[in-house]
Amino acid sequence: MIKFDNISKRYADGQEALVDVSFEVSRGELAFITGHSGAGKSTLLKLILAIESPSSGQLIANGINLSRISSKQIALHRRQIGTVFQDHQLLHDRSVFDNVALPLEICGYHPTDAGRRVRAALDKVGLLKKEKSFPAALSGGEQQRVGIARAVVNRPRIILADEPTGNLDPALSREVIEVFEQFQSVGVCLLVASHDASLVERLNCRTLVLDSGRLIADQKPRPDS
Amino acid sequence: MSVSKRSQAAAPKPQVKSRPKPNTRVGRNESFSDLLQIHRRLAKNSGRRLVQTPVSSFITVFVIAVSLLLPALLFSLNSNLTSVLAGFEDSAQVTLYLHAGISDADAKEVSNDLLSLETMNYASYISPAQALDEFGTATGLENLLQEMASNPLPGAIVVTPANVSPTAVDDLVRQLQDLPEVDLVQIDSRWLQRLAAISELVGAIGRVLSLIVILGLFFIVGNTIKLAVENRKAEIRVIKLVGGSDMFAARAFLYTGLFYGLGGGILAIALQGIVLVTFNSSLEALMQLYEGDFQLRGFSLANGLVVVLAGATIGWTAALLTSLRHIRGISP
């Protein structure tokens, strides 16, 4: 589903964000990316979203070669990916409901159909009662969960998450991960960037470890669990 | 919260097989009523944004209105001139002065011949005696004229051509000049032709000015939309991040442009009304001096519609082009 083939990313200022990274995440797989801040986690996610393009190497996501993608294709490509952003990226002049409905609106869903899906997604993250609130009225953790609902509402094939549990207490973190696991079980490919080492340790998932832009470890889940 | 329990009860579990094919094109699932709903919402949002900044919105609308007003006034002036000309068309008279010594009978025959021509609406013979009578009555010199030994006035035929365009009248004059009985041909409506030429010029200035104004309006609306795009950069970034196309992001600005143009057009009509009413009272005073009966006509419905439609079209198009151009430059 996601295939990095000797990917390097060098920014215009000469900073080497990723160096010769190769890995593959397949359907129904949940993988964590860990590493210190500045290790290249965000760059890696940006490459998959086609926000940045790789300096060298081949990157294939959802069957599309992202090294050669036109600007029109980029929009279509992003519709297949649900993304949870570290800074939430919510629209502050729209209600929670309208924020979560945005991907469906973009894809042209029928309003009744969209309404049902939005409520199902909000229910998954426990925010059904807040659908009429505006993001500014929500706590950081609640905003985070609105972002998660928006990422899953479209039932994407790939879900990317950048520190999705950053603002959540352990109990909420676990429930968010449970939502992710539900999607994993139906064949969605999930890539979660997190520096929450204890969470990653506890979950026993595949873990990609980045250090200064290099992939230094690809830990498979322990067979005993 | 007990997320998992509730989600099992209420939320449909995603299933690979039943998952509908991802809808990748805007508008694919949209029926007409859906589209109407979407557009009503977009329009409402755009309208709300304009009302939220009333002063700057009004300034933009006012500038658009003033720009539209100039060519609109010229066209209105032109159509007034044209209608004046139309009013005089029937009376585009040509007078043929006959040679002395042509008998009344001969002259009448010429007059009848002329009347039978297709190019002629009206022809009437005025005998020298009749002319003298009329002259006497008009000047009050009857007594003096009666003392004269012979009548110095020639016979004349007054004709009204069917086609009153300057070239047709000129052709006719040449034709009439060649008649052996005719001494002199005089067009009584030369000044009408001059007025027609002026009206033509006003129209031409109006057309050139319109082009300049259209270009100017593009810049005005374009600049306003550019600022609006700049203000909503964060929102556009989010839309792009979740897969919205440039066109999807631009939709929000189209109604803004449309409303600016519509508002400008309507205000232009109102301003024109004020200008015409102001002119009309001073014109009336002037006309009273000439005992004339002429009123500046205001906007006809058709003229008004043209101004409003022009404003709306320019506003919408400028918004489309500028917003797309600037949205393209925003990267998430």
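Here the residue numbering is sequential within each chain, running from 1 through the sequence in written order. All chains are assigned letters beginning with A, and all ligands numbers beginning with 1, in the order in which they are written. pLDDT decides what is reported in this predicted model: residues at 70 or higher carry local features, side-chain atom pairs at 80 or more are listed and counted, and totals for whole chains, interfaces and linings draw on all residues regardless. Side-chain calculation: all heavy atoms of the structure are included, whereas hydrogens and water are not.

Re the overall build of chain A
Right, on to step 1. Helix and strand definitions here come from DSSP, where helices need a minimum of 4 consecutive H or I residues and strands a minimum of 2 consecutive E residues; each element is numbered from the N-terminal end. Of the regular secondary structure elements, chain A holds seven helices and ten strands.
Right, on to step 2. A radius of gyration in this sense is built from C-alpha atoms; the matching globule rule multiplies 2.2 Å by the number of residues raised to 0.38. Expected size for 225 residues packed as a compact globule is a radius of gyration near 17 Å; at 17 Å, chain A falls within 12% of this value.
Right, on to step 3. Partly exposed residues are those whose accessible area sits between 20% and 50% of the maximum for their type, while under 20% is buried and over 50% is exposed, using a 1.4 Å probe and protein chains only. Put simply, chain A has 225 residues, and 59% of those count as buried.
Right, on to step 4. In chain A, the share of contacts with a sequence separation of at least 24, taken over all contacts with a separation of at least 6, comes to 68%.
Right, on to step 5. Just so you have it, chain A exposes about 9,300 Å², and 48% of that area is on carbon and sulfur atoms.
Right, on to step 6. Neither His nor the chain termini are counted; the positive set is Lys and Arg, and the negative set is Asp and Glu. Each charge is placed at NZ for Lys, CZ for Arg, CG for Asp and CD for Glu. Side-chain charges in chain A split into 28 positive and 26 negative, and the spacing between the mean points of these groups amounts to 6 Å. Any two residues having at least one pair of non-hydrogen atoms within 4.5 Å are treated as being in contact. Methods summary: accessible areas were calculated by the Shrake-Rupley approach with a probe of 1.4 Å, and residue burial reflects only the protein chains presented.

Observations concerning the overall build of chain B
Right, on to step 1. Of the regular secondary structure elements, chain B holds eleven helices and four strands.
Right, on to step 2. In chain B, buried positions account for 37% of the 332 residues.
Right, on to step 3. Expressed as a percentage of contacts within chain B between residues at least 6 apart in sequence, the contacts between residues at least 24 apart total 81%.
Right, on to step 4. For chain B, the exposed area adds up to about 19,300 Å²; of that, 62% sits on carbon and sulfur atoms.

Some details on the packing of helix 3 (residues 96–107) of chain A against helix 4 (residues 111–124) of chain A
Helix packing geometry: the angle between the two helix axes and the distance between the axes.
All names here are of chain A.
Right, on to step 1. Axis definition: a line fitted to C-alpha atoms, over the contacting stretch in the case of helices. Angles run 0 to 180 degrees between N-to-C directions. Close contact between helix 3 and helix 4 brings their axes to 9 Å; oriented N to C, the two are set at 115 degrees. Judged by the twist between their axes, the crossing of helix 3 over helix 4 is right-handed. Two secondary-structure elements touch here, helix 3 through Val96, Phe97, Val100, Ala101 and Leu104 and helix 4 through Ala114, Gly115, Arg117, Val118, Arg119, Ala121 and Leu122. Take the far helix as your reference; a near helix turned counterclockwise from it by less than a right angle gives a left-handed crossing, and one turned clockwise gives a right-handed crossing.

Observations concerning the domain arrangement of chain B
Right, on to step 1. What counts as a domain boundary in this text is fixed by an automatic or database domain assignment. As far as domains go, chain B holds domain 1 (37–87 + 194–328) and domain 2 (93–188).
Right, on to step 2. Using only C-alpha atoms to locate each centre, domain 1 of chain B and domain 2 of chain B end up separated by 53 Å.

Focus on the domain arrangement of chain A
Residue and element names in this part refer to chain A.
Right, on to step 1. Here chain A is described as being made up of domain 1 (1–80 + 157–225) and domain 2 (91–155).
Right, on to step 2. Domain 1 and domain 2 are separated by 23 Å when their C-alpha centres are compared.
Right, on to step 3. Tallying the contact residues gives 15 residues for domain 1 and eleven residues for domain 2.
Right, on to step 4. A simple way to read buried area is as the amount of 1.4 Å-probe accessible surface that goes missing from two parts once joined, with both sides added. The junction of domain 1 with domain 2 conceals about 1,100 Å² of combined surface from both sides, 67% of it contributed by carbon and sulfur atoms.
Right, on to step 5. A carboxyl oxygen of Asp or Glu within 4 Å of a side-chain nitrogen of Lys or Arg is what we treat as a salt bridge. Here domain 1 is connected to domain 2 by zero salt bridges.
Right, on to step 6. In the analysis that follows, any N or O atom pair within 3.5 Å is treated as a polar contact, provided that within protein one partner can donate a hydrogen and the other can accept it, and provided that, for residues neighboring in sequence, both atoms belong to side chains. At the boundary of domain 1 and domain 2, one finds four residue pairs in polar contact (both at pLDDT 80 or more).
Right, on to step 7. The greatest single-element share of the side of domain 1 that touches domain 2, amounting to six residues, is contributed by helix 6 (residues 170–185).

A short note on the pattern of salt bridges
Right, on to step 1. Summed over the entire model, instances satisfying the criterion amount to 20 salt bridges over all chains.
Right, on to step 2. A salt bridge links lysine 9 of chain A to glutamate 52 of chain A; the shortest N-O distance between them is 3.7 Å. Linking lysine 9 of chain A in strand 1 (residues 2–10) with glutamate 52 of chain A in the loop between helix 1 (41–48) and strand 4 (56–61), this pair joins segments that are 43 residues apart in sequence.
Right, on to step 3. A relative accessible area of 8% means that lysine 9 of chain A is categorised as buried.
Right, on to step 4. For glutamate 52 of chain A, a relative accessible area of 24% gives the class partly exposed.
Right, on to step 5. Aspartate 93 of chain A serves as the salt-bridge partner of arginine 49 of chain B, at 2.7 Å between the closest nitrogen and oxygen. A residue pair is termed interchain when its members come from two chains, as with arginine 49 of chain B in helix 2 (residues 32–52) and aspartate 93 of chain A in the loop between strand 6 (81–84) and helix 3.
Right, on to step 6. Its relative accessible area of 27% is what places arginine 49 of chain B among the partly exposed residues.
Right, on to step 7. Look at aspartate 93 of chain A and you get partly exposed, because its relative accessible area is 36%.
Right, on to step 8. Within the structure, one salt-bridge network assembled from shared partners comprises Asp93, Arg94, Asp98 and Glu105 of chain A together with Arg41, Arg49, Arg232 and Glu235 of chain B.

Brief notes about the confidence of the model for chain B
Right, on to step 1. Every residue gets a pLDDT, meaning the predictor's confidence in that residue, from 0 to 100. In the predicted model, chain B carries a mean pLDDT of 81, and the fraction of residues at 70 or more is 84%.
Right, on to step 2. Contacts from residues 1–28 of chain B, a stretch scored under 50 in pLDDT, to residues over four places away or in other chains number 59 contacts.

Notes on the packing of aromatic side chains
Residues and elements named next belong to chain A.
Right, on to step 1. Classification of ring pairs rests on two measures: the distance between centres of Phe, Tyr or Trp rings, Trp counted by its six-membered ring, which must be within 6.5 Å, and the angle between planes, read as stacked under 30 degrees, edge-to-face over 60 and tilted in between. Counted under the stated rule, the structure contains three aromatic pairs over all chains.
Right, on to step 2. Note on phenylalanine 4 and phenylalanine 23: the rings are 4.6 Å apart at their centroids and 15 degrees apart in plane angle, and the pair reads as stacked. Taken together, the residues phenylalanine 4 in strand 1 and phenylalanine 23 in strand 2 (residues 16–25) connect sequence positions 19 residues apart.
Right, on to step 3. Given a relative accessible area of 5%, phenylalanine 23 falls into the buried group.

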